[in-house]
Amino acid sequence: MSSHISLVITGSRILTSDSIDPLPATIEIDKNGHISAIFSKISSFDSYTFLEKNQFIDAGNNVVMPGIVDTHVHLNEPGRTDWEGFETGTKAAAAGGVTTIIDMPLNSIPPTTTVNNLMQKTDAAKGKCWVDVGFYGGNDLVPLINAGVKGFKGFLIDSGVDEFPCVNEQDGQNSVFMFHAEMELVNGDNKSQEISDEILSCYDRFHQSRPQSLEINAITLISRLAKEYNTVRSHIVHLSAANAIDIIRKSKSDGVPLSVETCFHYLSLSAEEVPLGRTDFKCAPPVREKTNQEKLWQALLDGTIDFVVSDHSPCTLDLKFLDEKPEDRDFLKAWGGISTLQFGLPVLWTEAKKRGCSFHNLTTWLSKNTAKHVGLQEKKGDLKVGYDADIVIWDPEKTFEATPYMGRTFYGVVKQTIVRGNIVYNAENGGIIDTPYGDLLV
Ligand SMILES: [Zn+2]
(Lines give C-alpha, C1' and ligand atoms only; values in the text may rest on other atoms or scores of the structure.)
Protein backbone atom coordinates (compact mmCIF):
# COMPACT_ATOMS: atom_id res chain seq x y z
CA MET A 1 0.00 0.00 0.00
CA SER A 2 2.90 2.23 0.77
CA SER A 3 5.09 2.85 -2.24
CA HIS A 4 2.72 5.09 -4.18
CA ILE A 5 2.36 7.63 -1.34
CA SER A 6 4.37 10.83 -1.66
CA LEU A 7 2.79 12.99 1.05
CA VAL A 8 0.51 12.54 4.05
CA ILE A 9 -1.38 15.31 5.83
CA THR A 10 -3.09 14.67 9.14
CA GLY A 11 -4.85 17.01 11.52
CA SER A 12 -7.87 17.67 13.69
CA ARG A 13 -9.54 20.21 11.38
CA ILE A 14 -9.64 18.96 7.80
CA LEU A 15 -12.45 20.10 5.53
CA THR A 16 -13.08 17.21 3.16
CA SER A 17 -15.82 17.04 0.58
CA ASP A 18 -18.12 15.09 2.90
CA SER A 19 -18.02 17.42 5.87
CA ILE A 20 -19.64 20.75 6.63
CA ASP A 21 -17.29 21.35 9.57
CA PRO A 22 -13.59 20.53 9.62
CA LEU A 23 -13.01 17.13 11.25
CA PRO A 24 -10.09 14.91 12.26
CA ALA A 25 -8.73 13.22 9.14
CA THR A 26 -5.70 11.96 7.27
CA ILE A 27 -5.13 12.60 3.56
CA GLU A 28 -2.80 10.43 1.50
CA ILE A 29 -1.39 11.87 -1.71
CA ASP A 30 0.09 9.73 -4.47
CA LYS A 31 3.14 10.33 -6.63
CA ASN A 32 0.99 11.89 -9.37
CA GLY A 33 -0.15 14.59 -6.98
CA HIS A 34 -3.65 13.22 -6.55
CA ILE A 35 -5.49 12.53 -3.33
CA SER A 36 -5.42 8.74 -3.13
CA ALA A 37 -7.16 8.17 0.21
CA ILE A 38 -8.91 10.05 3.01
CA PHE A 39 -9.40 8.53 6.45
CA SER A 40 -11.56 10.11 9.13
CA LYS A 41 -8.96 9.85 11.88
CA ILE A 42 -5.72 11.47 12.93
CA SER A 43 -2.65 9.37 12.12
CA SER A 44 0.84 9.34 13.52
CA PHE A 45 4.14 9.16 11.68
CA ASP A 46 4.59 5.65 13.15
CA SER A 47 2.11 4.36 10.55
CA TYR A 48 4.17 5.88 7.75
CA THR A 49 7.75 5.06 8.65
CA PHE A 50 8.51 4.34 4.98
CA LEU A 51 8.20 8.10 4.34
CA GLU A 52 10.78 10.79 4.99
CA LYS A 53 9.93 13.15 7.84
CA ASN A 54 9.20 15.98 5.41
CA GLN A 55 6.64 13.82 3.60
CA PHE A 56 4.44 13.72 6.69
CA ILE A 57 2.63 16.92 7.70
CA ASP A 58 0.96 17.06 11.09
CA ALA A 59 -1.28 20.11 10.65
CA GLY A 60 -2.32 19.94 14.30
CA ASN A 61 -5.17 22.33 14.93
CA ASN A 62 -4.62 24.35 11.74
CA VAL A 63 -7.43 24.21 9.20
CA VAL A 64 -6.76 22.12 6.08
CA MET A 65 -8.89 23.20 3.12
CA PRO A 66 -8.90 22.96 -0.67
CA GLY A 67 -6.45 25.47 -2.15
CA ILE A 68 -8.03 28.69 -3.36
CA VAL A 69 -8.96 28.87 -7.03
CA ASP A 70 -8.84 32.56 -7.92
CA THR A 71 -10.48 32.94 -11.32
CA HIS A 72 -9.85 36.65 -11.79
CA VAL A 73 -6.21 37.65 -11.83
CA HIS A 74 -4.27 39.98 -14.13
CA LEU A 75 -0.72 38.82 -14.79
CA ASN A 76 0.58 41.28 -17.31
CA GLU A 77 3.37 39.29 -18.89
CA PRO A 78 4.47 39.68 -21.65
CA GLY A 79 4.43 43.43 -22.23
CA ARG A 80 3.80 44.82 -18.76
CA THR A 81 5.80 42.41 -16.65
CA ASP A 82 6.90 45.28 -14.40
CA TRP A 83 3.23 45.63 -13.34
CA GLU A 84 3.07 41.93 -12.42
CA GLY A 85 4.50 38.90 -14.16
CA PHE A 86 4.07 35.14 -13.80
CA GLU A 87 6.86 34.70 -11.27
CA THR A 88 5.88 37.48 -8.86
CA GLY A 89 2.15 36.87 -9.27
CA THR A 90 2.22 33.13 -8.74
CA LYS A 91 4.60 33.44 -5.78
CA ALA A 92 2.15 35.86 -4.17
CA ALA A 93 -0.60 33.34 -4.87
CA ALA A 94 1.37 30.50 -3.26
CA ALA A 95 2.02 32.61 -0.16
CA GLY A 96 -1.71 33.29 0.09
CA GLY A 97 -2.94 29.70 -0.15
CA VAL A 98 -4.01 30.12 -3.77
CA THR A 99 -3.23 27.00 -5.80
CA THR A 100 -4.85 27.89 -9.13
CA ILE A 101 -5.29 31.22 -10.83
CA ILE A 102 -6.99 32.07 -14.10
CA ASP A 103 -5.37 34.93 -15.94
CA MET A 104 -7.45 37.67 -17.56
CA PRO A 105 -6.90 38.45 -21.27
CA LEU A 106 -5.67 41.97 -20.46
CA ASN A 107 -3.38 43.90 -19.50
CA SER A 108 -0.52 42.02 -21.11
CA ILE A 109 0.77 43.06 -24.52
CA PRO A 110 -0.50 41.52 -26.66
CA PRO A 111 -3.81 40.79 -24.89
CA THR A 112 -5.07 37.17 -25.07
CA THR A 113 -7.40 37.76 -27.99
CA THR A 114 -6.06 35.27 -30.55
CA VAL A 115 -4.49 31.81 -30.49
CA ASN A 116 -1.19 33.37 -31.46
CA ASN A 117 -1.35 35.78 -28.57
CA LEU A 118 -2.30 32.94 -26.21
CA MET A 119 0.84 31.12 -27.34
CA GLN A 120 2.90 34.20 -26.50
CA LYS A 121 1.32 34.15 -23.05
CA THR A 122 1.99 30.46 -22.45
CA ASP A 123 5.56 30.80 -23.77
CA ALA A 124 6.15 33.66 -21.35
CA ALA A 125 4.66 31.64 -18.48
CA LYS A 126 6.71 28.47 -18.95
CA GLY A 127 8.95 27.69 -15.99
CA LYS A 128 7.74 30.75 -14.07
CA CYS A 129 4.60 29.46 -12.37
CA TRP A 130 4.55 28.49 -8.70
CA VAL A 131 0.85 27.58 -8.86
CA ASP A 132 -1.35 26.27 -11.67
CA VAL A 133 -2.36 28.91 -14.21
CA GLY A 134 -5.23 28.90 -16.70
CA PHE A 135 -6.20 31.58 -19.19
CA TYR A 136 -9.21 33.50 -20.38
CA GLY A 137 -9.39 34.92 -23.87
CA GLY A 138 -11.24 37.61 -25.77
CA ASN A 139 -12.53 38.07 -29.34
CA ASP A 140 -11.29 35.02 -31.29
CA LEU A 141 -13.76 32.68 -29.64
CA VAL A 142 -13.86 29.23 -31.21
CA PRO A 143 -10.13 28.83 -31.97
CA LEU A 144 -9.33 30.05 -28.45
CA ILE A 145 -11.75 27.52 -26.91
CA ASN A 146 -10.04 24.78 -28.92
CA ALA A 147 -6.68 26.06 -27.67
CA GLY A 148 -7.86 25.67 -24.08
CA VAL A 149 -8.96 29.04 -22.68
CA LYS A 150 -11.44 28.84 -19.80
CA GLY A 151 -13.80 31.69 -20.75
CA PHE A 152 -13.99 35.10 -22.31
CA LYS A 153 -14.06 38.61 -21.07
CA GLY A 154 -15.67 41.63 -22.67
CA PHE A 155 -16.05 45.24 -21.63
CA LEU A 156 -19.14 47.35 -22.11
CA ILE A 157 -17.13 50.43 -21.26
CA ASP A 158 -13.62 51.63 -22.08
CA SER A 159 -11.26 48.95 -20.73
CA GLY A 160 -8.58 51.46 -19.79
CA VAL A 161 -6.03 50.05 -22.25
CA ASP A 162 -6.13 50.75 -26.00
CA GLU A 163 -5.27 47.25 -27.19
CA PHE A 164 -8.44 45.74 -25.69
CA PRO A 165 -11.49 47.41 -27.29
CA CYS A 166 -14.96 47.25 -25.74
CA VAL A 167 -17.70 45.09 -27.26
CA ASN A 168 -21.11 46.34 -28.37
CA GLU A 169 -24.58 44.83 -28.16
CA GLN A 170 -24.05 43.03 -31.50
CA ASP A 171 -20.98 41.13 -30.27
CA GLY A 172 -22.84 39.95 -27.20
CA GLN A 173 -25.47 38.19 -29.27
CA ASN A 174 -23.41 35.20 -30.32
CA SER A 175 -20.81 34.74 -27.62
CA VAL A 176 -20.21 33.21 -24.22
CA PHE A 177 -18.96 36.03 -22.09
CA MET A 178 -17.78 37.41 -18.87
CA PHE A 179 -18.64 41.03 -18.57
CA HIS A 180 -17.05 43.98 -16.96
CA ALA A 181 -20.50 45.31 -16.16
CA GLU A 182 -20.34 49.08 -16.39
CA MET A 183 -22.01 50.82 -19.31
CA GLU A 184 -23.00 54.34 -20.22
CA LEU A 185 -26.30 54.64 -22.07
CA VAL A 186 -25.80 56.30 -25.45
CA ASN A 187 -28.78 58.64 -25.08
CA GLY A 188 -29.35 58.18 -21.40
CA ASP A 189 -29.20 60.70 -18.62
CA ASN A 190 -26.97 58.57 -16.45
CA LYS A 191 -23.59 59.01 -18.05
CA SER A 192 -20.77 59.00 -15.58
CA GLN A 193 -21.04 62.32 -13.82
CA GLU A 194 -18.63 65.17 -14.42
CA ILE A 195 -17.12 65.94 -11.07
CA SER A 196 -16.01 69.47 -10.34
CA ASP A 197 -14.70 69.05 -6.82
CA GLU A 198 -11.22 70.52 -6.84
CA ILE A 199 -9.69 68.24 -4.20
CA LEU A 200 -7.91 65.91 -6.60
CA SER A 201 -6.87 63.44 -3.96
CA CYS A 202 -10.36 62.92 -2.51
CA TYR A 203 -11.69 59.39 -3.13
CA ASP A 204 -15.27 60.58 -3.36
CA ARG A 205 -14.47 62.45 -6.55
CA PHE A 206 -13.70 59.17 -8.28
CA HIS A 207 -16.47 57.27 -6.49
CA GLN A 208 -19.11 59.71 -7.76
CA SER A 209 -17.78 59.45 -11.31
CA ARG A 210 -18.69 55.74 -11.46
CA PRO A 211 -22.26 55.61 -10.08
CA GLN A 212 -24.23 52.40 -9.54
CA SER A 213 -26.34 53.26 -12.61
CA LEU A 214 -23.42 52.26 -14.89
CA GLU A 215 -23.49 48.76 -13.46
CA ILE A 216 -27.28 48.62 -13.51
CA ASN A 217 -27.33 49.59 -17.22
CA ALA A 218 -24.87 46.86 -18.09
CA ILE A 219 -26.45 44.18 -15.92
CA THR A 220 -29.88 44.94 -17.35
CA LEU A 221 -28.48 44.42 -20.86
CA ILE A 222 -26.53 41.29 -19.89
CA SER A 223 -29.58 39.76 -18.19
CA ARG A 224 -31.68 40.42 -21.27
CA LEU A 225 -29.10 38.88 -23.63
CA ALA A 226 -28.51 35.96 -21.29
CA LYS A 227 -32.22 35.20 -21.31
CA GLU A 228 -32.47 35.48 -25.09
CA TYR A 229 -29.32 33.47 -25.87
CA ASN A 230 -29.65 31.00 -23.05
CA THR A 231 -27.50 28.21 -24.41
CA VAL A 232 -24.39 29.85 -22.99
CA ARG A 233 -23.80 31.23 -19.54
CA SER A 234 -23.12 34.88 -19.00
CA HIS A 235 -20.96 35.91 -16.11
CA ILE A 236 -20.72 39.27 -14.39
CA VAL A 237 -17.23 39.95 -13.10
CA HIS A 238 -16.50 42.08 -10.04
CA LEU A 239 -20.01 43.14 -9.02
CA SER A 240 -19.88 46.23 -6.82
CA ALA A 241 -23.33 47.84 -7.14
CA ALA A 242 -25.72 46.29 -4.64
CA ASN A 243 -28.64 48.02 -6.37
CA ALA A 244 -28.19 45.59 -9.27
CA ILE A 245 -28.71 42.54 -7.06
CA ASP A 246 -32.48 42.44 -7.53
CA ILE A 247 -32.08 42.26 -11.32
CA ILE A 248 -29.64 39.35 -10.94
CA ARG A 249 -31.82 37.59 -8.38
CA LYS A 250 -34.84 37.84 -10.69
CA SER A 251 -32.87 36.53 -13.70
CA LYS A 252 -31.51 33.61 -11.73
CA SER A 253 -34.93 32.68 -10.36
CA ASP A 254 -36.25 32.75 -13.95
CA GLY A 255 -33.60 30.17 -14.83
CA VAL A 256 -31.44 32.51 -16.90
CA PRO A 257 -27.87 31.10 -17.16
CA LEU A 258 -26.18 33.91 -15.29
CA SER A 259 -23.45 33.83 -12.67
CA VAL A 260 -21.87 36.60 -10.62
CA GLU A 261 -18.68 37.22 -8.72
CA THR A 262 -17.69 39.94 -6.32
CA CYS A 263 -14.24 40.76 -4.93
CA PHE A 264 -12.51 40.76 -1.57
CA HIS A 265 -12.25 44.55 -1.55
CA TYR A 266 -15.97 45.17 -2.08
CA LEU A 267 -16.71 42.92 0.92
CA SER A 268 -14.08 44.48 3.13
CA LEU A 269 -13.39 48.13 2.27
CA SER A 270 -15.84 50.99 2.14
CA ALA A 271 -15.78 54.38 0.40
CA GLU A 272 -16.15 56.23 3.70
CA GLU A 273 -12.80 55.01 4.96
CA VAL A 274 -10.51 55.57 1.97
CA PRO A 275 -8.06 58.28 3.12
CA LEU A 276 -7.04 61.25 0.97
CA GLY A 277 -4.63 60.29 -1.78
CA ARG A 278 -4.88 56.50 -1.24
CA THR A 279 -5.11 55.77 -4.96
CA ASP A 280 -4.08 52.17 -4.26
CA PHE A 281 -7.77 51.68 -3.36
CA LYS A 282 -8.93 52.85 -6.77
CA CYS A 283 -10.53 50.16 -8.92
CA ALA A 284 -13.42 49.93 -11.35
CA PRO A 285 -16.20 49.58 -10.50
CA PRO A 286 -15.37 51.46 -7.31
CA VAL A 287 -15.49 50.36 -3.69
CA ARG A 288 -18.81 51.83 -2.48
CA GLU A 289 -20.48 52.77 0.81
CA LYS A 290 -20.68 50.62 3.92
CA THR A 291 -24.44 50.12 3.38
CA ASN A 292 -23.69 48.80 -0.12
CA GLN A 293 -21.15 46.37 1.32
CA GLU A 294 -23.73 44.90 3.71
CA LYS A 295 -26.11 44.22 0.81
CA LEU A 296 -23.32 42.46 -1.10
CA TRP A 297 -22.75 40.27 1.94
CA GLN A 298 -26.43 39.37 2.08
CA ALA A 299 -26.39 38.45 -1.62
CA LEU A 300 -23.31 36.30 -1.09
CA LEU A 301 -24.89 34.54 1.87
CA ASP A 302 -28.16 33.83 0.03
CA GLY A 303 -26.28 32.50 -3.04
CA THR A 304 -27.18 35.30 -5.47
CA ILE A 305 -23.47 36.03 -5.72
CA ASP A 306 -21.72 32.79 -6.65
CA PHE A 307 -18.16 33.37 -5.54
CA VAL A 308 -15.40 35.77 -4.53
CA VAL A 309 -12.18 36.58 -6.42
CA SER A 310 -9.34 39.06 -6.11
CA ASP A 311 -9.44 40.89 -9.48
CA HIS A 312 -5.76 41.28 -8.61
CA SER A 313 -4.59 44.03 -10.97
CA PRO A 314 -1.34 45.69 -9.94
CA CYS A 315 0.60 48.40 -11.75
CA THR A 316 3.78 50.35 -11.12
CA LEU A 317 3.75 52.93 -8.30
CA ASP A 318 4.03 55.91 -10.65
CA LEU A 319 0.73 55.02 -12.38
CA LYS A 320 -0.96 55.32 -8.97
CA PHE A 321 1.06 58.51 -8.29
CA LEU A 322 2.25 56.80 -5.13
CA ASP A 323 5.64 58.40 -5.70
CA GLU A 324 3.98 61.82 -5.20
CA LYS A 325 2.68 63.50 -2.04
CA PRO A 326 -0.79 62.18 -1.03
CA GLU A 327 -2.45 65.56 -1.60
CA ASP A 328 -1.11 65.72 -5.18
CA ARG A 329 -2.46 62.36 -6.32
CA ASP A 330 -5.33 62.77 -8.77
CA PHE A 331 -7.88 60.01 -8.15
CA LEU A 332 -9.46 60.41 -11.59
CA LYS A 333 -6.14 60.03 -13.42
CA ALA A 334 -4.62 57.25 -11.30
CA TRP A 335 -4.62 53.74 -12.72
CA GLY A 336 -7.51 51.61 -11.41
CA GLY A 337 -6.67 48.25 -9.89
CA ILE A 338 -6.24 46.65 -6.46
CA SER A 339 -3.68 44.00 -5.48
CA THR A 340 -5.13 41.39 -3.14
CA LEU A 341 -4.04 38.01 -4.48
CA GLN A 342 -1.93 37.16 -1.44
CA PHE A 343 -4.44 38.37 1.16
CA GLY A 344 -7.82 37.23 -0.14
CA LEU A 345 -8.25 34.46 2.41
CA PRO A 346 -7.64 36.55 5.56
CA VAL A 347 -9.48 39.59 4.15
CA LEU A 348 -12.58 37.52 3.47
CA TRP A 349 -12.31 35.38 6.60
CA THR A 350 -12.02 38.42 8.89
CA GLU A 351 -15.33 39.75 7.56
CA ALA A 352 -16.95 36.32 7.28
CA LYS A 353 -16.07 35.45 10.88
CA LYS A 354 -17.92 38.56 12.14
CA ARG A 355 -21.00 37.33 10.32
CA GLY A 356 -20.84 33.80 11.71
CA CYS A 357 -19.87 32.17 8.41
CA SER A 358 -18.37 28.69 8.32
CA PHE A 359 -15.23 27.26 6.74
CA HIS A 360 -17.61 25.47 4.44
CA ASN A 361 -18.92 28.87 3.24
CA LEU A 362 -15.35 29.98 2.62
CA THR A 363 -14.40 26.97 0.59
CA THR A 364 -17.62 27.20 -1.43
CA TRP A 365 -16.92 30.84 -2.35
CA LEU A 366 -13.16 30.52 -2.85
CA SER A 367 -12.59 27.06 -4.28
CA LYS A 368 -15.62 24.96 -5.16
CA ASN A 369 -17.67 27.50 -7.11
CA THR A 370 -14.68 29.12 -8.78
CA ALA A 371 -13.37 25.74 -9.97
CA LYS A 372 -16.81 25.00 -11.39
CA HIS A 373 -16.92 28.38 -13.12
CA VAL A 374 -13.88 27.45 -15.23
CA GLY A 375 -14.77 23.77 -15.71
CA LEU A 376 -12.18 22.40 -13.26
CA GLN A 377 -14.72 20.96 -10.80
CA GLU A 378 -13.75 17.36 -11.57
CA LYS A 379 -10.23 17.83 -10.28
CA LYS A 380 -9.88 21.02 -8.26
CA GLY A 381 -11.72 22.99 -5.59
CA ASP A 382 -12.43 20.10 -3.24
CA LEU A 383 -10.68 17.54 -1.05
CA LYS A 384 -11.85 14.26 -2.54
CA VAL A 385 -10.20 11.01 -3.62
CA GLY A 386 -8.94 11.36 -7.20
CA TYR A 387 -8.74 15.16 -7.04
CA ASP A 388 -5.54 17.18 -7.39
CA ALA A 389 -3.93 17.57 -3.97
CA ASP A 390 -4.23 21.36 -3.99
CA ILE A 391 -4.36 22.32 -0.35
CA VAL A 392 -4.00 25.29 2.00
CA ILE A 393 -3.07 24.78 5.64
CA TRP A 394 -3.79 27.87 7.72
CA ASP A 395 -4.42 29.16 11.21
CA PRO A 396 -7.78 30.99 11.27
CA GLU A 397 -7.32 32.24 14.84
CA LYS A 398 -3.92 33.84 14.34
CA THR A 399 -3.86 37.55 13.43
CA PHE A 400 -1.49 39.78 11.49
CA GLU A 401 -1.36 43.42 10.48
CA ALA A 402 -1.47 44.30 6.77
CA THR A 403 0.08 47.67 6.01
CA PRO A 404 -1.44 48.04 2.50
CA TYR A 405 -4.86 47.55 4.07
CA MET A 406 -4.51 50.69 6.20
CA GLY A 407 -2.74 48.77 8.93
CA ARG A 408 -5.81 46.69 9.70
CA THR A 409 -5.56 43.48 11.66
CA PHE A 410 -6.70 40.34 9.89
CA TYR A 411 -7.50 36.84 11.06
CA GLY A 412 -5.95 33.95 9.18
CA VAL A 413 -2.30 33.12 8.56
CA VAL A 414 -1.33 30.73 5.78
CA LYS A 415 1.14 28.09 6.98
CA GLN A 416 1.60 25.85 3.96
CA THR A 417 0.37 25.74 0.39
CA ILE A 418 0.43 22.50 -1.58
CA VAL A 419 0.01 22.27 -5.36
CA ARG A 420 -0.64 18.75 -6.67
CA GLY A 421 1.20 17.25 -3.73
CA ASN A 422 4.17 19.66 -3.88
CA ILE A 423 4.73 21.93 -0.90
CA VAL A 424 5.21 25.27 -2.69
CA TYR A 425 5.04 27.53 0.38
CA ASN A 426 6.03 26.79 3.93
CA ALA A 427 5.83 29.79 6.28
CA GLU A 428 8.00 28.16 8.91
CA ASN A 429 10.63 26.81 6.56
CA GLY A 430 11.87 29.45 4.14
CA GLY A 431 8.56 30.54 2.60
CA ILE A 432 8.36 30.03 -1.17
CA ILE A 433 10.32 27.05 -2.45
CA ASP A 434 12.84 27.39 -5.30
CA THR A 435 11.16 25.13 -7.87
CA PRO A 436 8.18 26.37 -9.89
CA TYR A 437 5.81 23.40 -9.85
CA GLY A 438 2.87 25.21 -11.46
CA ASP A 439 1.24 23.71 -14.55
CA LEU A 440 -0.32 25.62 -17.40
CA LEU A 441 -3.97 24.60 -17.64
CA VAL A 442 -4.43 24.69 -21.41
ZN1 LIG B 1 -10.17 42.50 -13.74
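Residues numbered from 1 in each chain as written. Predicted model: local features only at pLDDT ≥ 70, side-chain atom pairs only at ≥ 80, totals over all residues.

Attention shifts here to the overall build of the protein chain. A count of helical and extended segments in the protein chain gives ten helices and 17 strands. Looking at the protein chain residue by residue over its 442 residues, the buried ones come to 51%. By sequence separation, contacts in the protein chain at least 24 residues apart represent 72% of the contacts at least 6 residues apart. (Helix = DSSP H or I, 4+ residues; strand = E, 2+ residues; numbered from the N terminus. Buried ≥ 20, exposed ≤ 12 C-beta atoms within 10 Å, placed from the backbone. Contact = placed C-beta atoms within 7 Å.)

Bringing helix H1 (residues 86-95) into the picture now. With seven of ten residues buried, H1 lies mostly within the body of the structure. All of the buried residues in H1 are Phe 86, Gly 89, Thr 90, Lys 91, Ala 92, Ala 93 and Ala 94. Directly after H1, the chain includes Gly 97, whose backbone phi takes a positive value near 80 degrees.

Let's shift gears to the confidence of the model for the protein chain. Counting all residues, the mean pLDDT for the protein chain is 89, and 88% of those residues have values of 70 or more. In this model residues 169-176 is a low-confidence stretch, pLDDT under 50, and it forms twelve contacts with partners more than four residues away in sequence or in other chains. (pLDDT = per-residue confidence, 0-100.)

For the rest of this paragraph, the subject is helix H8 (residues 290-301). In this model H8 runs 17 Å from its N-terminal to its C-terminal C-alpha over twelve residues, within 8% of the 16 Å that 1.5 Å per residue would give. Taken together, the buried positions of H8 are Gln 293, Leu 296, Trp 297, Ala 299 and Leu 300. Taken down its axis, H8 places every buried residue within 165 degrees of arc, on the same side. Check the buried side of H8 and you find it contacts helix H7 (245-253), strand S12 (258-263) and helix H10 (359-373). The first or second residue beyond H8 is Gly 303, which carries a positive phi of 90 degrees. (Expected span 1.5 Å × (residues − 1). Arc of directions from axis to C-beta.)

Here we come to the pairing of strand S15 (residues 408-419). Look at any regular strand and the pattern is simple: side chains alternate between the two faces of the sheet. Within S15, nine of the twelve residues are buried, leaving the element largely enclosed by the surrounding structure. Here nine bridges tie strand S14 (residues 391-402) to S15, and the two strands are oriented antiparallel to one another. Within the sheet, the bridge partner assigned to Glu 401 lies in S15 and is Thr 409. As consecutive antiparallel partners, S14 and S15 are separated by five residues, and within that stretch Met 406 has a phi angle of approximately 55 degrees, a positive value. As judged from the four bridges shared by S15 and strand S16 (residues 422-426), these two strands associate in the antiparallel manner. Across the sheet, the residue bridging to Gln 416 is Asn 426, located in S16. Between the antiparallel neighbours S15 and S16 lie two residues, among them Arg 420 with a positive phi of about 45 degrees. (Pairing = 2+ DSSP bridges.)

Moving on, we get to the environment of Gln 416. Within the fold, Gln 416 resides in strand S15. Along the sequence, Gln 416 and Ala 59 sit 357 residues apart, while their C-alpha atoms lie 9.3 Å from each other. For Gln 416, the residues in contact, after removing those within four places along its chain, are Ile 57, Ile 393, Ile 423, Tyr 425, Asn 426 and Ala 427.

With respect to the helices and strands, Phe 39 occurs in strand S3 (residues 35-39). We classify Phe 39 as partly exposed; it has 14 C-beta atoms within 10 Å. Distance in space between the C-alpha atoms of Phe 39 and Thr 16 is 10.0 Å, their sequence separation being 23 residues. Discounting chain neighbours no more than four positions away, the residues touching Phe 39 are Ala 25 and Thr 26.

Here the focus is unusual backbone geometry. Between Ile 109 and Pro 110 the backbone carries a cis peptide bond, its omega angle lying at 0 degrees. On the secondary structure map, Pro 110 appears in the loop between strand S7 (98-103) and helix H2 (115-125). A positive phi angle, close to 30 degrees, is found at His 238, a residue other than glycine. Tracing the backbone through its elements, the reader meets His 238 in the loop between strand S11 (234-237) and H7. On the basis of neighbour counts, which here come to 25 C-beta atoms within 10 Å, the residue His 238 falls in the buried class. Unusually for a residue other than glycine, Phe 321 sits at a positive phi of about 60 degrees. By the element assignment, Phe 321 lies in the loop between strand S13 (307-309) and helix H9 (344-354). For Phe 321, a count of 21 C-beta atoms within 10 Å translates into the label buried.

Note: strand S1 (residues 5-14) against strand S5 (residues 63-66), two bridges, orientation parallel. Of the residues in S5, the one forming a bridge with Ile 14 is Val 64. Strand direction decides the pairing type here: S5 and S14, joined by four bridges, are antiparallel. Residue pairing in the sheet places Val 63 in a bridge with Trp 394 of S14.

Before going further, it helps to spend a moment on the packing of helix H6 (residues 212-228) against H7. Contact geometry for H6 and H7: axes closest at 10 Å, N-to-C directions at 5 degrees. By the angle class used here, H6 and H7 are roughly parallel. Residues Ile 219, Thr 220, Ser 223, Ala 226 and Lys 227 of H6 pack against Ile 247, Ile 248 and Ser 251 of H7. Per-class residue counts for the contact of H6 with H7 are four nonpolar, three polar and one charged. (Axes fitted to C-alpha atoms, helices over the stretch in contact; angles between N-to-C directions. Parallel < 35°, antiparallel > 145°, perpendicular 65-115°, else oblique. Nonpolar A, V, L, I, M, F, W, Y, C, P; charged D, E, K, R; others polar.)

The next thing to look at is the sheet that holds S7. Spatial ordering of the open sheet is given by S6-S7-S8, a layout of three strands whose pairing is parallel. Each having just a single partner strand, strand S6 (68-73) and strand S8 (132-135) make up the two edges of the open sheet. Across the sheet, the mean angle separating the axes of adjacent strands is 20 degrees when strand polarity is ignored. Across four bridges, S6 lies against S7 in parallel orientation. Note on S7: the bridge partner recorded for Val 69 is Thr 100. The sheet contacts of H1 involve S6, S7 and S8, and relative to S7 the element is tilted by about 140 degrees.

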